[in-house]
Protein chains: 2
Amino acid sequence: LINEQIDTFRAEFLEMHPYDQAKIFEEQPEDIRLIIYTYLSPEETAEVMEHVERDQVEELVAEMNPSYAANVLAEMSTDDAVDILNELDKNKVASFLTIMDKNSSDEIKALLHYEEKTAGSIMTNEFVVVQTKQTVKEAMRHLRKEAPEAETIYYIYVVDVEKRLVGVISLRDLIIAEGDWLISDVMSDRIVSVPVGEGQEDIAQMMRDYDFLALPVVDFQNHLLGIITVDDIMDVMEQEASDDYSKLAGVSDMDGRDENSFVSAKKRLPWLIILLFLGMFTASIIGRFEATLDQVAILAVFIPLIAGMAGNTGTQALAVAVRGIATGEINNSSISKILVREAGTGIITGISCGVLVTLIVYVWKGDVFLGLLVGISIMATLVVATIAGALVPIIMNHFKIDPAVASGPFITTINDIISILIYFGMATAFMHLLTS
Amino acid sequence: LINEQIDTFRAEFLEMHPYDQAKIFEEQPEDIRLIIYTYLSPEETAEVMEHVERDQVEELVAEMNPSYAANVLAEMSTDDAVDILNELDKNKVASFLTIMDKNSSDEIKALLHYEEKTAGSIMTNEFVVVQTKQTVKEAMRHLRKEAPEAETIYYIYVVDVEKRLVGVISLRDLIIAEGDWLISDVMSDRIVSVPVGEGQEDIAQMMRDYDFLALPVVDFQNHLLGIITVDDIMDVMEQEASDDYSKLAGVSDMDGRDENSFVSAKKRLPWLIILLFLGMFTASIIGRFEATLDQVAILAVFIPLIAGMAGNTGTQALAVAVRGIATGEINNSSISKILVREAGTGIITGISCGVLVTLIVYVWKGDVFLGLLVGISIMATLVVATIAGALVPIIMNHFKIDPAVASGPFITTINDIISILIYFGMATAFMHLLTS
C-alpha cells in the first residue's frame, strides 16, 4: 500500500464501500494511516470515520493534525460527529469547534447537550423539511438540493409557519403525486414522533413495531428538532442486546478486541467481590448449622445440588421476566398474572424435580428420610427461587431501576442463601429421623 | 365498537397506523374480529396482519373464512405471507394456494421452499429491477408503476439481459440524475449481495455494518432472486438477541404473553433435569470425600462459596466469549490471544479474591490453614473456571455448534464439579494440618 502512487491508491480505495475502507484503516499502523490522511480529502476521510468502531475512532481523530480533524468532523453526519465529540475532553471539543466553519459548529453545538441514550443524543439535524403550502414540484426541487447533505431523503417532514411538525410524506408518495398538488393534500397527518428526552430502547422498540425508516424528534411544543434514522437504531439494538446479555452474566461491559487481562479483570472484579461477600454470608448461614453438620456430615453432599438448582431456576425466571419487561409483555396490568404463572411453574418443576430427587437419593443412599429431606428441599427451593427470580426484576422495574441489572450471578447467590436456609432448617427440624 | 356503523368504524380504523390496528385486533375477542373482517377488504386486513405478532396471526388466519383468508394472504407482502404459511400444515397451505390468484400463488411458491433462518426465508421477491440500457426517465416511470407493490423503492437493482445482478442505484441518486442519462452510467457497480443460503444472523451483522436499507439476494450464478429489507432485519436482530439471552439463562424459548404455567414448565424442565443429573454427579463427588467431611465438618461451610464463585466467573468468561464470537471479534486467528487473556484475567481475579478470602476466613475462624485452604482453592478455581468458561464456547464454535447453546447454568454446573474437586482434593491432601 505504502509504495503505491496516490492516484492508484485513491482509485482503488474510493471504489470500496466505506465500511470496508474503515476495516482497512483499523488494521493499519499509525504511520501508514498518517500517509493515507494526506491522500484523502477531509470529506472522504469523514465517510470512512462514520464506519470505524466507536472505541477506535477517538484514537484516530487524536492522531490527525487538528485542523484536518476539525474538517473531518465538520464533514461527518452531525449525529456521528457529536457521538465522537462526546467521548473527547472538553478543551479538545472547544478547539475543534473553533477551527471548523460556523455552519457545522452551530449544527454540532445544537446536539451536544442532550443526555446520553435519549432521542436527543442519537438524532441528527440534517433532515429535509417542507412547508404545507408548497407544491409537490417545489418540494421535489428542494429535495434535490438538500439530498447530498441530508441523512435520509426518504421521509420529508412538513411543518407549519411556526415550525411545528404537522405531517410527513414519504418519497414514495411524493414521486407518485402530481407536480401541482399541494403538500398539505398529499402529506399524512397520521404522524408518529418521539419527545427529545425519550429513551433509546423505547425508540428502537417503536421503530421495529411500526417499520419506520426514520422517526421525527420534537420538543414539548411539537417543534421538529431532529430525526432518528434506522441505521442508528440498529446500532442501539445491538448495544442494548449486548448490555442485557453481559448484565445477565455479571460483566459490566464487554471486552474489546485489544484489551488485556488487566482491563478485563478490572471489569469483572467488582462483581466477583460483591458476590464473594454474598457467598461469605451464605457460608456464615451454613456455619450456624455446624452442629447439624457435625452429626450428619452426609448433608453436605447435597449442598451444591440444592443451591445449584435454586440458582438455575432463578436465572430462568429472571431471564423470562427481564425480556418480558423489555418487550412490554410485562406491564402493570399483567404483573399479578405473571407472578401467578411463575408460582405455578415453580410448583410444577418443583414437584417433578423433587420426586425425581427423592427416588434417586433413596436408591443411592438407601435412606428414605434423607431422600425425602433432599427431595422436599428441592421442591420448596424451586418454588421460592422461581418466584424470587421473577419478582426481583419486576420490583426493580417498579422503582425505575433497569431490571437487566439483576444479573444471573446475583440472583443465583440470593437463591443459594434461600435454598440453604430451607435445606438446613428442615434438616435441623427433622434431625431425629436422620440420625436414627 | 360493535354498535358503530360501518362507515364510522372504517373512517376511524383506517386513519390509524397498521401497527395500532394490529394491537386493536389482538385485543378483541373472536366474535368481534369476525365482524371486523366483514367491514374490511382483504387488502386492508392484509396490512393489519403484517403487524400482528407472529404467534397470533396463525390463529387469526384460521378463524377467517378460507377464501377471505386466501385473499388476505395474497395481498400481503410475499415474505410475510410465506412466514405465516410456513407455520400452517401442508394441506391448508395447498388449499390457500389453490384459491388465490395465480400471480400471487406463484410468487409465494417461489419462496416457500427455502430453509429457515437463511436469506431465502426472509427475502421478498417484490423489488424493483431495471435494465442497464434504460434511461433514468424510463426507470423513473417504471418505478412509479411498481411503487405500490414493491417492498422498497429506495434501492433499484440493475440486471443484465441474463438477469444477473450488475449494479444498484439508490432513489436518492436517481432523482438527482438527468432524465436522459443511461442507467449504466448512474448506477454503482460496487454492489454487496448475499447468497441465498446465507444465515440470517450474518446478514443482520452486514446490514448493520454497511448501513444498508436493503440487500439483494443472489444464487450462485449471481441471478437476482430477492431482496431483504431492514424492517425484517430488525426483527431478526430482536429474535437473535432474545435467543442468545434465553440460552444464557438456560431457557429453551421465551414465554409468550398468554402461556400458562404448564407451557412454561415444559420449556424449563428439560434444562432443569439435565442440570439435576449433573448436580447429582457433583453430589457423588463430594460423597467420595465423606471421610474428609466427617473429620472436618466445617469444610462444608465453604462449599457454596467456592462453587458459586466458580460459576460466576465461568459465566462471565462464557458471555464475553459468546459475544466475541457473535461479533466476529473472536476468530481463528485470535483464539490463542483470547485464551491467554482469559488465563491472565483468571490469575488476576483469582489472586485478588484468594487473598481476600484467606484473610476473611482467618479473621473469622482464627484458623490460618483453613484460611489458606479456602483462599488457595478459590484462586485455583477462578483460574480454571475462567479458562473453562472461555474455552467451551470456542470449542463448540470450532465444531460448528452455536456457542450460545453453552448456557450459564450448564457452565456453572461444570465449574461446580471442578471447584469441588480442587477444594476437597486439597483438603484431603492437607488434612493433617486442619485437624491439628
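Only a predicted model underlies this, so the values are computations on that prediction, with no experimental measurement involved.

K.L.:
Account for the environment of B:L73, with residues named and values stated.
P.N.:
Residues and elements named next belong to chain B. Here L73 shows up in helix α6 (residues 66-75). Separated by 30 residues in sequence, L73 and E43 place their C-alpha atoms 8.9 Å apart. Apart from the residues lying within four places of it in its own chain, the contact partners of L73 are A81, I84, L85, F96, M100 and I108.

K.L.:
So what's going on with the interface of chain B and chain A? Which residues, and what values?
P.N.:
Listed per partner, the contact involves 117 residues of chain B and 117 residues of chain A. Roughly 10,500 Å² is buried in total at the junction of chain B and chain A, and carbon and sulfur atoms are behind 66% of that figure. As a salt-bridge pair, B:K365 and A:E290 come within 3.8 Å of each other at their nearest N and O atoms. Along the contact surface separating chain B from chain A lie 27 residue pairs in polar contact (both at pLDDT 80 or more). With 19 residues, helix α16 (residues 261-288) of chain B is the largest single contributor of residues to the side of chain B that touches chain A. In terms of residue class, the side of chain B that touches chain A is built from 64 nonpolar, 25 polar and 28 charged.

K.L.:
Outline the relation of the copies chain B and chain A, listing residues and values.
P.N.:
After a rotation of 180° and a shift along the axis of 0.0 Å, chain B superposes on chain A with an RMSD of 0.2 Å. Interpreted geometrically, this transformation is the action of a two-fold axis. Taken as a fraction of all interface residues of chain B, those also at the interface in chain A reach 100%, which identifies the copy contact as same-surface.

K.L.:
Give me the lowdown on the nonpolar core, citing residues and values where you can.
P.N.:
Among the nonpolar cores identified, the biggest contains 174 residues, and A:M49, A:L171, B:M49 and B:L171 are the most heavily contacted of them. Setting aside residues no more than four positions away along its own chain, B:L171 makes contact with A:Y154, A:L171, B:M140, B:L143, B:I153, B:Y154 and B:I156. If you look at the next biggest cluster of nonpolar residues, it comprises 78 residues, including B:F289, B:L293, B:I303 and B:I422.

K.L.:
Describe the environment of B:F96, with residues and values.
P.N.:
Residues and elements named next belong to chain B. Its place among the elements puts F96 in helix α8 (residues 90-99). The spatial distance from the C-alpha of F96 to the C-alpha of L85 is 9.0 Å, given a sequence separation of 11 residues. With near-sequence residues (within four places) excluded, F96 lies in contact with V61, P66, A69, A70, L73, L85 and L88.

K.L.:
Describe the side chain of A:H51, listing the residues and the values that go with them.
P.N.:
Position of A:H51 among the secondary structure elements: in the loop between α4 (42-49) and α5 (54-63). Classification of A:H51 as buried rests on a relative accessible area of 13%. Side-chain polar atoms of A:H51 contact the backbone oxygen of A:E47, separated by 3.5 Å. What A:H51 contacts, discounting residues up to four positions off in sequence, is A:H17, A:P18, A:Y19, A:A22, A:E26, B:D209, B:Y210 and B:D211.

K.L.:
With reference to specific residues and values, describe the sheet that holds strand β6 (residues 224-229) of chain B.
P.N.:
Residue and element names in this part refer to chain B. Pairing within the open sheet is mixed, and its three strands lie in the order β4-β5-β6. Each having just a single partner strand, β4 (194-195) and β6 make up the two edges of the open sheet. In this sheet, strand β5 (residues 214-218) lies alongside β4 in parallel orientation, the contact comprising two bridges. When the bridges of β5 are listed, P195 appears paired with V218.

K.L.:
Got a sec to walk through the domain arrangement of chain A? Specific residues and values, please.
P.N.:
Each assigned domain of chain A is listed here: domain 1 (6-113), domain 2 (129-229) and domain 3 (261-434). Computed from C-alpha coordinates alone, the two centres of domain 1 of chain A and domain 3 of chain A are separated by 51 Å.

K.L.:
An account of the sheet that holds strand β4 (residues 194-195) of chain A is requested, with residue identities and associated values reported.
P.N.:
All names here are of chain A. Taken in spatial order, the three strands make up an open sheet running β4-β5-β6, and their pairing is mixed. Edge positions in the sheet fall to β4 and β6 (224-229), since each of these pairs with one other strand and no more. Judged from the five bridges that link them, strand β5 (residues 214-218) and β6 form a sheet pairing that is antiparallel. When the sheet's bridge partners are listed, A214 is paired in β6 with T229. Running at roughly 135° to β5, helix α14 (residues 200-210) makes contact with β4, β5 and β6 of the sheet.

K.L.:
Could you give me a rundown of the packing of aromatic side chains, with the residues and numbers involved?
P.N.:
Residues and elements named next belong to chain A. Following the criterion strictly, the structure yields 23 aromatic pairs over all chains and no others. Centroid distance Y155 to Y157: 6.5 Å. Interplanar angle 40°. Geometry classified as tilted. Here Y155 and Y157 have matching classes, each one buried. Ring centres 5.5 Å apart and planes at 5° place the aromatic pair Y210 and F212 in the stacked group. Counting every residue linked through ring pairs, the aromatic cluster contains F9, F13, F25, Y37, Y39 and Y68. The ring of W364 has K365 sitting right over it, with the charged end atom 4.3 Å from the ring centre.

K.L.:
Break down a nonpolar patch on the surface for me, citing the residues and quoting the values.
P.N.:
A cluster of nonpolar side chains, A:Y362, A:V363, A:V368, A:F369, A:L372 and A:I376, forms an exposed patch at the surface whose accessible area comes to about 530 Å². Looking at the nonpolar patch, the elements that each hand over two or more residues are α19 (335-365) and α20 (368-398) of chain A.

K.L.:
Residues and numbers for the packing of helix α3 (residues 30-39) of chain B against helix α5 (residues 54-63) of chain B, please.
P.N.:
Residue and element names in this part refer to chain B. One can describe the packing of α3 onto α5 by two numbers: an axis separation of 11 Å at closest approach and a directional angle of 65°. Here α5 runs roughly perpendicular to α3, going by the angle between their axes. The two elements α3 and α5 meet at a crossing, and its hand is right-handed. For the pair α3 and α5, the contacting residues are E30, R33, L34 and Y37 in the first and E59, L60 and E63 in the second.

K.L.:
If you had to explain the pattern of salt bridges to someone new, which residues and values would you point to?
P.N.:
Taken as a whole and assessed by the stated rule, the structure comprises 28 salt bridges over all chains. In this structure, the salt-bridge partner of A:K102 is A:D106, at a minimum N-O distance of 2.5 Å. With A:K102 and A:D106 both in helix α9 (residues 102-112) and four residues apart, the pair spans about one turn of that helix. Since its relative accessible area comes to 59%, A:K102 is described here as exposed. The structure contains a network of salt bridges with shared partners spanning A:R208, A:R323, B:D235 and B:E238.

K.L.:
Go over the pairing of strand β2 (residues 155-159) of chain B with me, naming the residues and quoting the values.
P.N.:
All names here are of chain B. Of all five residues in β2, five are buried, a share of seventy percent or more. Taking every second residue as pointing to the same face, both faces of β2 are buried, with Y155, Y157 and V159 on one and I156 and V158 on the other. Sheet topology note: the strand β1 (residues 129-131)/β2 ladder contains three bridges and is parallel. The residue of β2 that forms the bridge with Q131 is V159. Pairing between β2 and strand β3 (residues 165-170): five bridges, direction antiparallel. Along β3, the bridge assignment pairs I156 with I169. The antiparallel hairpin formed by β2 and β3 contains five residues in its connecting segment, where K163 sits at a positive phi of about 65°.

K.L.:
Describe in detail helix α8 (residues 90-99) of chain A, supporting the description with residues and values.
P.N.:
Residue and element names in this part refer to chain A. Inspection of α8 places V93, F96 and L97 among the buried residues, and these make up the whole buried set. Angular distribution of buried residues about the axis of α8 spans 100°; they occupy a single face of the element. In α8, the exposed positions angled more than 90 degrees off the buried face are occupied by N91 and T98. Looking at the buried side of α8, the elements it contacts are α5, α6 (66-75), α7 (78-87) and α9.

Conventions used here
- Residues numbered from 1 in each chain as written.
- Chains lettered and ligands numbered in written order.
- Predicted model: local features only at pLDDT ≥ 70, side-chain atom pairs only at ≥ 80, totals over all residues.
- Heavy atoms only, no water.
- Helix = DSSP H or I, 4+ residues; strand = E, 2+ residues; numbered from the N terminus.
- Contact = heavy atoms within 4.5 Å.
- Buried area = accessible area lost by both parts, 1.4 Å probe.
- Salt bridge = Lys/Arg side-chain N within 4 Å of Asp/Glu carboxyl O.
- Polar contact = N/O pair within 3.5 Å; in protein donor to acceptor, adjacent residues only side chain to side chain.
- Nonpolar A, V, L, I, M, F, W, Y, C, P; charged D, E, K, R; others polar.
- Least-squares fit on C-alpha atoms with pLDDT ≥ 70 in both.
- Core = buried A, V, L, I, M, F, W, Y, C linked by side-chain atoms within 4.5 Å.
- Buried < 20%, exposed > 50% of the residue type's maximum accessible area, 1.4 Å probe, protein only.
- Pairing = 2+ DSSP bridges.
- Domains from an automatic or database assignment.
- Axes fitted to C-alpha atoms, helices over the stretch in contact; angles between N-to-C directions.
- Phe/Tyr/Trp six-rings, centres within 6.5 Å; stacked < 30°, edge-to-face > 60°.
- Lys NZ or Arg CZ within 6 Å of the ring centre and 35° of its normal.
- Patch = residues over 30% accessible without salt bridge, like charges linked within 9 Å, V, L, I, M, F, W, Y side chains within 5 Å.
- Areas by Shrake-Rupley, 256 points an atom, 1.4 Å probe, with all protein chains shown as cover.
- Parallel < 35°, antiparallel > 145°, perpendicular 65-115°, else oblique.
- Left-handed = near helix turned anticlockwise from the far one by under 90°.
- Arc of directions from axis to C-beta.

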